[in-house]
Amino acid sequence: MIKEVKKILKKSMQLIASIFGRHKWPFLKGQLLIIGYHRILPLNDPEYKKMQPGMRVEPDTLEMHIQILKKYFEIIDLNEWVERVKAGKPVPKKACALTFDDGWADNYEYAFPVLKKENVPATIFLVSSMIGTAQKFWPERVTDILIQLKSKKYSIIGKEYLKWLTDLGLTEKKISNLDENMIDGFINQLKMLPDDKIYKILETLNENKNIELEVTENEPAHILNLLQIKEMMRSGLVSFASHTQQHLRLTMVESEKGLEHEIVQSKAVLESMLENKITGFCYPNGDFDDRSLSFVTATYDYACTTKKGWNSTKSNLSLLNRVLVHNDISNTPSAFESRVSNLL
Ligand SMILES: [Zn+2]
């Protein structure tokens, strides 16, 4: 009963926010809304269910979003908006930029056709060391392990790792009842460890060779390759920017050398691979501190965070706000508009 009431209340709030939200205010000037996506996957793709809910949007939902955004905003290439601001040139009253994090191959397969159909620009943030490889991000690998454990394949991991999981609260009983939310919670819990430590644990597991941690031959590649990137570049619709070399959370990178490698060198690597200038950056997991911010400010024209909100011509270009969306919270027009309105 309470659940039902809450649901109705949420729907009414969404409706109010979609009707009176900021995106409909007529008197705004120099505003920039940046939408943040990750994976674009149809519901029937086997990858869909394996991804954390916060990571995925269906192609039809993306198309619906773009059609709504076109009504209230001028959809603009993020780099162009930044260039205009830096040069003191006029910008649209309400601009919107579309961004996609991590460089997933599904951005080419499912988002690119929608962008072409709607003829709107977008920016993809690439992890330079992963382009064209069969690598998986650690949350995907952890999901793979948990799914295999759920089907009682305990032999895939040694006793010490089973203990490690138990210490983190994942008992055998919990694993047998594992669902999407528990996997999501576990991944978020693991974020207390630095990425390199997690990768090290996973690599040791990989030495057993009982477990699939990379994309296998029968699976399509998860990460964009250079051919796909170049084709999108040639369309003139998609531009690319940096999301570090290895997707390390920068607040957990201890040495200056490590920060330089992730922030500064990823620009050089991408520029030589893409034969194009790279001017933008996106903080993995949205994490930054004074040290990473100063490297970013010295290297790039702009950078995106995961802090929720809009931007204006007066915003700090190295700390741009975004509105991140995923399917569950944006699959109806009023849910999407209320998210965009920044009232909820
Ligand atoms: Zn990312």
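About the criteria used
- Residues numbered from 1 in each chain as written.
- Predicted model: local features only at pLDDT ≥ 70, side-chain atom pairs only at ≥ 80, totals over all residues.
- Heavy atoms only, no water.
- Helix = DSSP H or I, 4+ residues; strand = E, 2+ residues; numbered from the N terminus.
- Rg over C-alpha atoms; globule rule 2.2 N^0.38 Å.
- Buried < 20%, exposed > 50% of the residue type's maximum accessible area, 1.4 Å probe, protein only.
- Patch = residues over 30% accessible without salt bridge, like charges linked within 9 Å, V, L, I, M, F, W, Y side chains within 5 Å.
- Areas by Shrake-Rupley, 256 points an atom, 1.4 Å probe, with all protein chains shown as cover.
- Salt bridge = Lys/Arg side-chain N within 4 Å of Asp/Glu carboxyl O.
- Lys, Arg positive; Asp, Glu negative; His and termini not counted.
- Charge placed at Lys NZ, Arg CZ, Asp CG, Glu CD.
- Axes fitted to C-alpha atoms, helices over the stretch in contact; angles between N-to-C directions.
- Parallel < 35°, antiparallel > 145°, perpendicular 65-115°, else oblique.
- Left-handed = near helix turned anticlockwise from the far one by under 90°.
- Contact = heavy atoms within 4.5 Å.
- Domains from an automatic or database assignment.
- Buried area = accessible area lost by both parts, 1.4 Å probe.
- Donors = N, O, S within 2.8 Å, 3.2 Å for Na, K, Ca; no water.
- Disulfide = S-S within 2.5 Å.
- Phe/Tyr/Trp six-rings, centres within 6.5 Å; stacked < 30°, edge-to-face > 60°.
- Expected span 1.5 Å × (residues − 1).
- Bend = angle between axes of the 7 residues up to and from the residue.

*Asks:* When you look at the overall build of the protein chain in this model, what are you seeing that I'm missing?
*Replies:* Within the protein chain, the regular secondary structure consists of 15 helices and 11 strands. Relative to the 2.2 N^0.38 estimate, which gives 20 Å for 344 residues, the radius of gyration of the protein chain is 21 Å and therefore close to what a compact globule would have. Principal-axis analysis of the C-alpha atoms places the extent of the protein chain at approximately 60 × 55 × 40 Å. Across the 344 residues of the protein chain, 52% fall into the buried class.

*Asks:* So what exactly am I meant to see when it comes to a positive patch on the surface here?
*Replies:* Together, Lys3, Lys7, Lys10 and Lys11 make up a region of like positive charge exposed at the surface. As for its placement among the helices and strands, Lys7 is situated in helix 1 (residues 2-20). With relative accessibility at 55%, the residue Lys7 sits in the exposed group.

*Asks:* I'm lost on the packing of helix 5 (residues 105-118) against helix 11 (residues 226-234) in this one. Help?
*Replies:* In helix packing, the relevant descriptors are the interaxial angle and the interaxial distance, both defined with respect to the helix axes. Look at helix 5 against helix 11: their axes get within 9 Å of each other, and the N-to-C directions meet at 40°. Looking at the two axes, helix 5 sits oblique to helix 11. Taken as a pair, helix 5 and helix 11 cross one another with a handedness that is left-handed. In this structure, helix 5 uses Ala105, Asn107, Tyr108 and Phe112 to contact helix 11, whose residues at the interface are Gln228, Glu231 and Met232.

*Asks:* Looking at this structure, I do not really get the domain arrangement of the protein chain. What am I missing?
*Replies:* Note: interface size is frequently given as the accessible area lost on complex formation between the parts. Split by domain assignment, the protein chain resolves into domain 1 (2-132 + 225-341) and domain 2 (138-207). The distance between the C-alpha centroids of domain 1 and domain 2 comes to 29 Å. Every contact between the two is made by 13 residues of domain 1 and, on the other side, 16 residues of domain 2. On the domain 1 side of the interface with domain 2, the three residues burying the most area are Lys50, Gln52 and Arg249, jointly 46% of the side's total. Between the two partners, domain 1 and domain 2, sit three salt bridges. Linking Asp144 and Lys50 is a salt bridge whose minimum nitrogen-to-oxygen distance equals 3.3 Å.

*Asks:* Honestly, the coordination of the zinc ion in this entry has me stumped. Any pointers?
*Replies:* For a metal with four tetrahedral donors the ideal donor-metal-donor angle is 109.5 degrees, whereas six octahedral donors ideally subtend 90 or 180 degrees. Only Asp102 (OD), His243 (NE2) and His247 (NE2) from the protein coordinate the zinc ion, and they sit 2.1 to 2.2 Å from it. Between the donor residues of the zinc ion, the gaps in sequence give the motif D-x140-H-x3-H. Like His243, the residue His247 is buried in the burial classification.

*Asks:* Can you walk me through the state of the cysteines in this structure?
*Replies:* Note on terminology: disulfide describes a covalent bond linking the sulfur atoms of two cysteines. Within the structure shown, the criterion is met by zero disulfides. Between Cys96, a cysteine without a disulfide, and Cys304, which holds the nearest cysteine sulfur, the sulfur-to-sulfur distance is 12 Å. With a relative accessible area of 0%, Cys96 lands in the buried category. Lacking any disulfide linkage, Cys304 is separated from the closest cysteine sulfur, that of Cys282, by 5.6 Å. A residue is classified by how much of its surface remains accessible, and Cys304, at 0% relative accessible area, is buried.

*Asks:* Would you take a moment to explain the packing of aromatic side chains for this structure?
*Replies:* Aromatic rings in a pair are described by how distant their centres are and how their planes are angled relative to each other. Considering all chains together, one arrives at eight aromatic pairs under this definition. The interplanar angle of 45° and the centroid separation of 5.3 Å between the aromatic rings of Tyr283 and Phe288 together place this pair among those described as tilted.

*Asks:* Is there a simple way to think about helix 5 in this case?
*Replies:* An α-helix turns once per 3.6 residues; consequently, residues spaced three or four apart project the same way. Compared with an ideal rise of 1.5 Å per residue, which puts 14 residues at 20 Å, helix 5 spans 20 Å between its outermost C-alpha atoms and is within 8% of the ideal. At Ala111, helix 5 is bent by approximately 45°, the largest bend along its length, and proline Pro113 sits one to four residues beyond. Listed in full, the buried residues belonging to helix 5 are Ala105, Asp106, Asn107, Ala111, Phe112, Val114, Leu115 and Glu118. Taken together, the buried residues of helix 5 touch strand 2 (39-40), helix 3 (59-72), strand 5 (94-102), strand 6 (122-126), helix 11 and strand 7 (238-242).

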